[in-house]
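# Structural features, examined
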Amino acid sequence: MMDRIVNMFHIVANEGHGSVFVVLVIGFFFGAIIAYSRLDKFEKMAGFMIFEDTLVPRMAMTTVALSSVGFYFLVHFGYATFAVKPILLTGLVLGAFLFGIGLVILGKCPSAFFVSVSEGRVDTFVGVLGGMVGGAIFTYLYPLMKVWMGPDLGTPQVFDYFIDHSLLVVLIFSTILLITAYFLPTIEFRDPADFKEKE
Amino acid sequence: MPRQIPWWIGGIAMSLLFYFSFSGFGANRPIGASTGMAYLSTILFGLDAEHYEYTAQIEQSGAWEGVMLIGVLFGGLFTSIFLTKSFHISFIPTLWKKRKNSSVKSRMLWSFIAGFLLVFGARLAGGCNAGHILSGGSQLAVSGIIFAIVALGTGVVMGRFFYKAKECKK
């Protein structure tokens, strides 16, 4: 196992997507922003799907709204390239279905797994163990599953359908998200466990 | 220091981090997490790239996300100790107690099942919240939009059946 862990750092050091230090820093801030906005809490992540809290959709919409415009210009001026995931239709829809069930029960997404574990949440640690088994079984069964995960519909982006007006499409998309985020009502589940010292 | 940042500051901070990661100044790739989880599982269970096609297929991206997740662990730990001051050993979330039950055994069992479904489902779909909804949505990827609609729609419907009805305040 140790050699695989060493190899993981070796791959990152040589693959040209930032040094190991840069990747760790990106992860550190990703975890810190998730934790500081409390996005990792069950009350936020499962809470928004059972109408107890609106932090997650508001924050996610703001992120996507600002990032979509930023990404567009970064690519336009040659500072980045789009890396779009393909539509393997059966796998995508069935996977999203299973993911949605898991998300509302565990109340964490894979990004927030380790944030919650680092906060001392034993139930999330058990969720990580479940995730490890899930990842391993998928890896084991992949040769059987890849044959029915398609059809592969490629990697379309919404503005591909509006070639001459791509910037306008991005701006409209971003504006709709920002307005929705702003006007969504503030519903907050205040967890007494978080505010013990103050009360 | 405040114990929590509001949603709009969180959204702005997250998008600035996304710009950095996405551009050539940072990592020249968008952020994702579930490939990293799957990659770590192949390390834990000894499923190496020589014998397992999927490990070989995700090795580059999985290693990047695996290292990033180590950073996430430390970012979360630092924040929960020094900023949110919320670090404590806990077994059941408050809202679970209110809307489901107070049984540790039940929460642990469901957590395991849900963790399994999250990573298995994300791998089947090719991404998770981070890769499909945030990074995919930011690129107006049709795959990300389909994932968001199906996953969140399923979550809302499932939540309605899985949990007790919300109590009215009056």
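Look above for the structure.
Only a predicted model underlies this, so the values are computations on that prediction, with no experimental measurement involved.

## Focus: the overall build of chain A
- Broken down by element type, chain A carries 8 helices and 0 strands.
- Of the regular secondary structure in chain A, the N- to C-terminal order runs α-α-α-α-α-α-α-α.
- A principal-axis box enclosing the C-alpha atoms of chain A has dimensions of 55 × 50 × 35 Å.
- Scored against the burial criterion, the 199 residues of chain A give a buried share of 54%.
- Looking at chain A alone, contacts between residues at least 24 apart form 68% of all its contacts between residues at least 6 apart.
- Roughly 8600 Å² of accessible area belongs to chain A as shown, and the carbon and sulfur atoms make up 73% of that amount.

## Notes on the environment of W148(A)
Residue and element names in this part refer to chain A.
- Its place among the elements puts W148 in the loop between α7 (122-145) and α8 (166-183).
- On the basis of relative accessibility, which here comes to 35%, the residue W148 falls in the partly exposed class.
- Taking C-alpha positions, W148 is 7.1 Å from T90, a pair spaced 58 residues apart along the chain.

## Brief notes about the interface of chain A and chain B
- Each side of the interface is counted separately: chain A has 132 residues, and chain B has 127 residues.
- Buried surface at the junction of chain A and chain B, both sides included, amounts to about 12000 Å², of which 74% is carbon and sulfur.
- On the surface where chain A and chain B come into contact, there are 4 salt bridges.
- A salt bridge links D123(A) to R107(B); its shortest N-O distance comes to 2.8 Å.
- Joining chain A to chain B, the criterion identifies 36 residue pairs in polar contact (both at pLDDT 80 or more).
- Elements with a contribution of two residues or more to the side of chain A that touches chain B: α1 (2-14), α2 (20-36), α3 (42-45), α4 (55-76), α5 (89-106), α6 (110-118), α7 and α8 of chain A.
- At 20 residues, the largest contribution of residues to the side of chain A that touches chain B is made by α7(A).

## Re the packing of aromatic side chains
- Applying the stated rule across the entire model yields 25 aromatic pairs over all chains.
- Seen in terms of ring centroids, F28(A) and F29(A) are 5.8 Å apart; in terms of plane orientation they differ by 80°. Their pairing is edge-to-face.
- Each residue in the set F71(A), Y72(A), F73(A), F77(A), F82(A), F159(A) and F22(B) is aromatic and connected to the rest through ring pairs, giving one cluster.
- Over the ring of Y39(B) we find R4(A); its NZ or CZ atom is 5.4 Å from the centre of that ring.

## Considerations on the environment of L103(A)
- Within the secondary structure, L103(A) sits in helix α5.
- Between the C-alpha atoms of L103(A) and M49(A), which are 54 residues apart in sequence, the distance is 9.2 Å.
- Residues in contact with L103(A), not counting those within four places in the same chain, are M45(A), A46(A), M49(A), K108(A), C109(A), L118(B), N129(B) and L152(B).

## As for a nonpolar patch on the surface
All names here are of chain B.
- Nonpolar side chains collect at one region of the surface, where L73, F74, L77, F78, I81, F82, F87, I89, F91 and V104 lie side by side and expose about 890 Å² of accessible area between them.
- Looking at the nonpolar patch element by element, the count peaks at 6 residues for helix α3 (residues 53-82).
- Position of L77 among the secondary structure elements: in helix α3.

## Digging into the nonpolar core
- Among the nonpolar cores identified, the biggest contains 91 residues, and F30(A) and M68(B) are the most heavily contacted of them.
- Of the residues forming this core, the biggest block, 9 residues, is contributed by α5(A).
- Built from parts of two domains, this core gets at least three residues from each of domain 1 (1-88) and domain 2 (91-170) of chain B.
- Leave out the neighbours within four places in its chain, and F30(A) touches S111(A), M14(B), L17(B), F18(B), I31(B), M68(B), V72(B) and A130(B).
- Grouped together as the second largest cluster of nonpolar side chains are 6 residues, Y72(A), F159(A), V170(A) and L140(B) included.

## A look at empty space enclosed by the protein
- Evaluation of the coordinates by the stated rule reveals 2 cavities of 30 Å³ or more.
- Roughly 40 Å³ of internal volume is contained in the second largest cavity.
- Lining the second largest cavity we find 10 residues, and of these K44(A), F189(A), D191(A), D194(A) and Q4(B) sit closest to its centre.
- For the lining of the second largest cavity, the residue count by class is 2 nonpolar, 1 polar and 7 charged.

## Focus: the layout of surface pockets
- Considering only enclosed or pocket space, the largest pocket measures out at about 700 Å³ in volume.
- Together, 37 residues line the largest pocket, and K85(A), P86(A), T35(B), R123(B) and G126(B) are the ones closest to its centre.
- Those elements giving two or more residues to the lining of the largest pocket turn out to be α2 (34-44), α3, α5 (104-125), α6 (129-138) and α7 (142-162) of chain B.
- With 6 residues, α3(B) is the largest single contributor of residues to the lining of the largest pocket.
- When residues are assigned to domains, the lining of the largest pocket turns out to be shared by domain 1 (1-88) and domain 2 (91-170) of chain B, each giving three or more.
- What the second largest pocket holds in volume is close to 560 Å³.
- In terms of lining, the second largest pocket is formed by 28 residues, of which the most central are A60(A), V64(A), I133(B), A148(B) and L152(B).
- Taken together, the elements giving at least two residues each to the lining of the second largest pocket come down to α2, α4 and α8 of chain A together with α6 and α7 of chain B.
- A per-element tally of the lining of the second largest pocket places α4(A) first, with 7 residues.

Cut-offs applied
- Residues numbered from 1 in each chain as written.
- Chains lettered and ligands numbered in written order.
- Predicted model: local features only at pLDDT ≥ 70, side-chain atom pairs only at ≥ 80, totals over all residues.
- Heavy atoms only, no water.
- Helix = DSSP H or I, 4+ residues; strand = E, 2+ residues; numbered from the N terminus.
- Buried < 20%, exposed > 50% of the residue type's maximum accessible area, 1.4 Å probe, protein only.
- Contact = heavy atoms within 4.5 Å.
- Areas by Shrake-Rupley, 256 points an atom, 1.4 Å probe, with all protein chains shown as cover.
- Buried area = accessible area lost by both parts, 1.4 Å probe.
- Salt bridge = Lys/Arg side-chain N within 4 Å of Asp/Glu carboxyl O.
- Polar contact = N/O pair within 3.5 Å; in protein donor to acceptor, adjacent residues only side chain to side chain.
- Phe/Tyr/Trp six-rings, centres within 6.5 Å; stacked < 30°, edge-to-face > 60°.
- Lys NZ or Arg CZ within 6 Å of the ring centre and 35° of its normal.
- Patch = residues over 30% accessible without salt bridge, like charges linked within 9 Å, V, L, I, M, F, W, Y side chains within 5 Å.
- Core = buried A, V, L, I, M, F, W, Y, C linked by side-chain atoms within 4.5 Å.
- Domains from an automatic or database assignment.
- 1 Å grid on protein atoms, 1.4 Å probe; cavity = no way out; pocket = protein on both sides within 12 Å on 5 of 7 lines; lining within 4 Å.
- Points joined across faces, edges and corners; volume = space filled by probe spheres on them.
- Nonpolar A, V, L, I, M, F, W, Y, C, P; charged D, E, K, R; others polar.

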